[in-house]
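If you want the building blocks of each chain, they are given just below.
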Amino acid sequence: MASGCGCGGGNGGSGGCGSSAKAAPVTPPLSDIEPAGAVQFEPAQAGPVAGEEAPAQLIASSEQEWPIISVNGVSITPQAMAQELQYHPAESREDAVYQAARALVIRELLQQRIAELGLALQVGAGENEEEAATRLLLEREVQVPQCDEATCLRYYESNRARFHSAPLLAVRHILLECAPDDAEARDQAHGQAETLLQRLDEFPGSFAELALNHSACPSKAQGGSLGQISKGQTVPELERQLFALPAGLVGKPLESRYGWHVISIDQRVEGQPLPYEAVATAIRTQLQQGVWQKALVQYLQTLIGAADIRGIHLQGADSPLVQ
């Protein structure tokens, strides 16, 4: 089994395991367009899309069948929905199909609006043509007010507890490594960790010796010392436990995906309050992002309200598209 402790390493390592996955297409946020859980496909009451027969029910029982949806007369094809489905994990296939269909409807609405305006395409670095066109459209039609200094300062004063430097911990540990799916090995490692804790209760000065003899982490060569660690340097399941604990020998083994850890927190340096000047830019960015998302959802709802969308129900605005 490949060794790994997720602890950040004894010499400034990053800890944990990296992963790679295919990135989903960049699309505007859709979560506020429709209430959560509202899976609504409409039966064909307004007539079939050109060239197709109207089914009795658009959301079929067979997993090989798809709802028939159109946007201003343009069909959303089953092939497109099948391709989009991978980006919308959900508890049920019906929910996933709805989310995929909704994303494709929004995408089609944006493309139709781009064509209507005849926007001159300017492709930036790292963009494809569709992404560039969408960016230009939103820059033109989604007007977002800027957060002023008074708004940012008011947010800071109301949320002072959120603006602290991260605490630092000086930590030693002994890793008893075992695979996450090996229940028997996990039980054995937990029992061994309990035995080591009993030993440390009797002989507090034996941590380095026990780490050298029992730990699966390279830090055993330094007596189990990880040095000073801050948030983000351990795997999340271990970090949540570590940073909630006071200084001293932790009285029970802590579990992570890598096994069981016997841990001593030799020093805990609490985070300090940060002055407004140090966080003003981050606050402005956060507030501006919230304003942007709200404005974008309102814009998309306006597009939906002005469109002839058949086969799926989306919440739209009644007001006409603002020019």
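What counts and what doesn't
Residues numbered from 1 in each chain as written. Predicted model: local features only at pLDDT ≥ 70, side-chain atom pairs only at ≥ 80, totals over all residues. Heavy atoms only, no water. Phe/Tyr/Trp six-rings, centres within 6.5 Å; stacked < 30°, edge-to-face > 60°. Buried < 20%, exposed > 50% of the residue type's maximum accessible area, 1.4 Å probe, protein only. Helix = DSSP H or I, 4+ residues; strand = E, 2+ residues; numbered from the N terminus. Axes fitted to C-alpha atoms, helices over the stretch in contact; angles between N-to-C directions. Parallel < 35°, antiparallel > 145°, perpendicular 65-115°, else oblique. Contact = heavy atoms within 4.5 Å. Nonpolar A, V, L, I, M, F, W, Y, C, P; charged D, E, K, R; others polar. Arc of directions from axis to C-beta.

1. Details of the packing of aromatic side chains
Line of reasoning, step 1. Under the counting rule described, the total for this entry stands at three aromatic pairs.
Line of reasoning, step 2. Judged by centre distance (6.4 Å) and plane angle (70 degrees), the ring pair of Tyr155 and Phe163 falls under edge-to-face.
Line of reasoning, step 3. Classification of Tyr155 as buried rests on a relative accessible area of 17%.
Line of reasoning, step 4. Relative accessible area serves as the criterion here: at 11%, Phe163 is assigned to the buried category.
Line of reasoning, step 5. A ring pair is formed by Tyr156 and Tyr276, whose centres lie 5.4 Å apart and whose planes are at 65 degrees; its orientation type is edge-to-face. On the criterion of sequence distance, the pair formed by Tyr156 in helix H4 (residues 149-158) and Tyr276 in helix H8 (residues 276-306) is long-range, its members being 120 residues apart. Note on accessibility: Tyr156 and Tyr276 belong to one class, buried.

2. Description of the packing of H4 against H8
Line of reasoning, step 1. Two numbers describe how H4 lies on H8: the axes approach to 9 Å, and their chain directions differ by 110 degrees. In terms of axis orientation, H4 runs roughly perpendicular to H8. Contacts from Glu149, Thr151, Cys152, Leu153, Tyr155 and Tyr156 in H4 reach Tyr276, Val279, Ile283, Arg284, Gln286 and Leu287 in H8.
Line of reasoning, step 2. For the contact of H4 with H8, the residue count by class is eight nonpolar, two polar and two charged.

3. Thoughts on helix H6 (residues 207-214)
Line of reasoning, step 1. If you check which residues of H6 are buried, you get Phe207, Leu210 and Ala211. Summarising the axial view, the buried residues of H6 lie within an arc of 100 degrees, below the 170-degree limit, and thus occupy one face. Within H6, the exposed residues directed more than 90 degrees away from the buried face are Leu212 and Asn213.

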